[in-house]
Amino acid sequence: MTVFHSVTDLIGDTPLLQLHKLDSGPCELFLKLENQNPGGSIKDRVALSMIAQAERKGLLKPGGTIIEATAGNTGLGLALIAAQKGYSLLLIVPDKMSREKIFHLRALGAQVLLTRSDVGKGHPAYYQDYARRLADETPGAFYIDQFNNAANPLAHATTTAPELYEQLDGRIDAIVVGVGSGGTLGGLQAWFAEHSPHTEFVLADPAGSVLADQVENGRYDDAGSWLVEGIGEDFIPPLSHLDGVKQALRVTDSEAFTAARELLKVEGILAGSSTGTLLTAALRYCRAQSTPKRVVTFACDSGNKYLSKMFNDDWMRQQGFISRPQAGDLSDFIALRHDEGATVTAAPDDTLSTVLARMRLYDISQLPVLNNDEVVGIIDEWDLISHVKGDSQRFALPVKDAMTREVEIIDRREPESALKSIFDRGLVAIVVDNHRFLGLVTRSDVLTTWRNRLS
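Cut-offs used in this document
- Residues numbered from 1 in each chain as written.
- Predicted model: local features only at pLDDT ≥ 70, side-chain atom pairs only at ≥ 80, totals over all residues.
- Heavy atoms only, no water.
- Helix = DSSP H or I, 4+ residues; strand = E, 2+ residues; numbered from the N terminus.
- Buried < 20%, exposed > 50% of the residue type's maximum accessible area, 1.4 Å probe, protein only.
- Contact = heavy atoms within 4.5 Å.
- Areas by Shrake-Rupley, 256 points an atom, 1.4 Å probe, with all protein chains shown as cover.
- Disulfide = S-S within 2.5 Å.
- Phe/Tyr/Trp six-rings, centres within 6.5 Å; stacked < 30°, edge-to-face > 60°.
- Pairing = 2+ DSSP bridges.
- Right-handed = clockwise from strand over helix to strand, strands pointing away.
- Polar contact = N/O pair within 3.5 Å; in protein donor to acceptor, adjacent residues only side chain to side chain.
- Salt bridge = Lys/Arg side-chain N within 4 Å of Asp/Glu carboxyl O.
- Core = buried A, V, L, I, M, F, W, Y, C linked by side-chain atoms within 4.5 Å.
- Axes fitted to C-alpha atoms, helices over the stretch in contact; angles between N-to-C directions.
- Parallel < 35°, antiparallel > 145°, perpendicular 65-115°, else oblique.

Draft legend 1. Looking closely at the overall build of the protein. Within the protein, the regular secondary structure consists of 15 helices and 15 strands. Dimensions of the protein along its principal axes, counting C-alpha atoms only, are 75 × 55 × 50 Å. The 455 residues of the protein split such that 51% are buried. Of the contacts formed within the protein by residues at least 6 apart in sequence, a portion of 66% connects residues at least 24 apart. Total accessible area computed for the protein in this model is approximately 20800 Å², and 49% of it derives from carbon and sulfur atoms.

Draft legend 2. Quick peek at the state of the cysteines. Counted by the stated rule, this structure contains zero disulfides. Not part of a disulfide, Cys 286 finds its nearest cysteine sulfur in Cys 27, a span of 4.2 Å. Cys 286 gets classed as buried once you look at its relative accessible area, which sits at 0%. Cys 300 carries a free sulfur, and the closest cysteine sulfur to it, the one in Cys 286, is 16 Å from it.

Draft legend 3. Quick look at the environment of Thr 449. Tracing the sequence through the fold places Thr 449 in helix H15 (residues 443–454). Counting along the chain gives 298 residues from Thr 449 to Ala 151, while the straight-line C-alpha distance between them is 47 Å. What Thr 449 contacts, discounting residues up to four positions off in sequence, is Asp 332 and Phe 333.

Draft legend 4. How the structure looks around the packing of aromatic side chains. With the rule as written, the count across this model stands at 10 aromatic pairs. Aromatic pair Tyr 127 and Phe 147: ring centres 6.4 Å apart, planes at 90°, arrangement edge-to-face. Of this pair, Tyr 127 sits in helix H4 (residues 127–137) while Phe 147 sits in the loop between strand E6 (141–143) and helix H5 (151–167), and the two are 20 residues apart along the sequence. Both residues of the pair, Tyr 127 and Phe 147, count as buried. Where Phe 192 meets Phe 201, the ring centres are 6.1 Å apart and the plane angle is 75°; that geometry is what we call edge-to-face.

Draft legend 5. Spotlight on the pairing of strand E7 (residues 174–177). The side-chain alternation of E7 yields two buried faces, one formed by Ala 174 and Val 176 and the other by Ile 175 and Val 177. Relative to strand E8 (residues 200–206), E7 runs parallel, the two being bridged by four bridges. Within E8, the position partnered with Val 176 by the bridge is Val 202. One crossover worth recording links E7 to the parallel E8 by way of helix H6 (residues 183–195), and it is right-handed. With two bridges connecting them, E7 and strand E10 (residues 294–299) associate as parallel partners. Within E10, the residue paired with Ile 175 across the bridge is Val 296.

Draft legend 6. Representation of the side chain of Arg 45 in the model. Take Arg 45: it is sitting in helix H1 (residues 43–56). Its relative accessible area of 4% is what places Arg 45 among the buried residues. Reaching out from Arg 45, the side chain makes a polar contact with the side chain of Thr 14 at a distance of 3.3 Å. Excluding its chain neighbours within four sequence positions, the residues that come into contact with Arg 45 are Ile 11, Gly 12, Asp 13, Thr 14, Lys 32, Glu 34, Asn 37, Ala 155, His 156, Thr 159, Thr 160 and Glu 163.

Draft legend 7. Looking closely at the pattern of salt bridges. All chains considered together, the criterion is met by 29 salt bridges. The partner of Asp 23 in a salt bridge is Arg 287, with the nearest N and O atoms 3.8 Å apart. Taken as a pair, Asp 23 in the loop between strand E1 (16–19) and strand E2 (28–33) and Arg 287 in helix H9 (residues 273–287) lie far apart in primary sequence, 264 residues in all. Exposure remark for Arg 287: the relative accessible area of 46% places this residue in the partly exposed category.

Draft legend 8. Spatial organisation of the nonpolar core. Judged by nonpolar contacts, the single largest core of 61 residues is most densely connected at Ile 175, Phe 192 and Phe 298. Beyond its immediate sequence surroundings of up to four residues, Ile 175 is in contact with Leu 164, Leu 188, Phe 192, Thr 199, Glu 200, Phe 201, Val 202, Val 296 and Phe 298.

Draft legend 9. Summary view of the sheet that holds E1. Strand order in the open sheet formed by six strands is E1-E2-E10-E7-E8-E9, and the pairing between neighbours is mixed. Whereas interior strands pair on both sides, the edge strands pair on one side only; in this sheet they are E1 and strand E9 (247–251). For this sheet, the mean inter-axis angle between neighbouring strands, taken without regard to orientation, is 25°. Across the face of the sheet, H6 comes into contact with E7, E8 and E10 while running at roughly 165° to E7. Sheet strands in contact with H9 are E1, E2, E7, E8, E9 and E10, and its direction is about 125° off that of E9.

Draft legend 10. Highlighting unusual backbone geometry. Located in the positive-phi region is Asp 13, a residue other than glycine, with phi close to 50°. By the secondary structure assignment, Asp 13 is in the segment before E1. In this structure Asp 13 comes out as exposed when scored by relative accessible area, which is 67%. One non-glycine residue, His 435, adopts positive backbone phi at about 75°.

Draft legend 11. How the structure looks around the sheet that holds strand E5 (residues 111–115). With respect to topology, four strands assemble into an open sheet ordered E5-E4-E3-E6, the strand pairing being parallel. Only two strands of the sheet have a single partner each, and these edge strands are E5 and E6. Taken over all neighbouring pairs, the strand axes of this sheet differ in orientation by 20° on average, direction set aside.

Draft legend 12. Looking closely at the packing of helix H8 (residues 253–267) against H9. Interhelical geometry of H8 versus H9 gives an angle of 90° and a closest axis separation of 7 Å. Considering the angle they form, H8 stands roughly perpendicular to H9. Here Glu 255, Ala 256, Phe 257, Ala 259, Ala 260 and Leu 263 of H8 come into contact with H9, specifically with Ser 273, Thr 275, Gly 276, Thr 277, Leu 279, Thr 280 and Arg 284.

Draft legend 13. Spotlight on the environment of Phe 298. For Phe 298, the position within the fold is in strand E10. What makes Phe 298 buried here is its relative accessible area of 2%. Between the C-alpha atoms of Phe 298 and Leu 279, which are 19 residues apart in sequence, the distance is 7.9 Å.

And the structure:
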């Protein structure tokens, strides 16, 4: 086996997997596993290329500071390489980025500043404008600017494209690509135009992005919104060269998330939300063909960055992407149902230390206290403060000594209006079915249910 001496040597040469368990019509569909890069995404290639070129040009000095605007994966690649090379890294990221990405970035030593994801280019809080302004204000900083950096598409023209060509013996009919910075599409097109000009490029675009409009109409209007991370834009990235794309397929968030979850279930590939977009478009393209074709798309990044979001059933329900059968009563408002094992509870004889550990683990502030599935109380952070009183030994007290026994229990058959009087007193509703605990209902749960009814 080959022995490597730096994690950066592991970037590239990713495997290619043929998908057999999804319906690809008459076509062969291949997935290039860019999630196998050491930073977990295709952007490792770009980060390495941009930093190396900046070093060659003398734009990045030893011990210098790199500043960049990123939706996540480019930042992770930059953080990985900056840590290896001793650079400081400051990243401006939109606030829709998953928590896992932010935790990963900070663990690599990057400084992360969140900014608004609901504003467009030209607004001072827009992530690219914000990053450029910081770079101008920071002495000795280098703004790496993936959206206009020629080393971005160069990474794909010199590594990704020839790898694909070799892996499939030069027989590739179509490549389905998404666009964030545009480097993947631009770099692949440049290489294939010379070596395999018949290869068609298909754009997979999140619904709400303006890129599909540009491909189809040569112009675009205002962008909408989408939850998929890393691809889709409200402007046309200059590196993307969309004029070489003949077909664009729009993919909704729901379709993307469902496809990524299905890819994990049936093919065993844990990939992110952008992969779900590409996979949906690739399958749609394949099924529309009347003759067999060899089609390639990408597992752009690892799905472990999205475990709290699209791979979390509760998050998917809160966003309205999946739903339970409706009972027509108050149980429909419960986000975390006890009969599904989703509610975090305490028993009367549990210690206060155990309760605090559960609160910290699940990022909650209160637990219902159950005895044989019947609610006997509720315990929250204020109860802990009131009973511990600064004496750490009192964490050994049992929950029954500290819990609040007067709780707001409401039968599932009560009218929806009965929740208001509970919320008016600043309490949560404990919903039961003949004294059997079903779950808690908060103000947020009610608002989410009302919004999803509208959807």
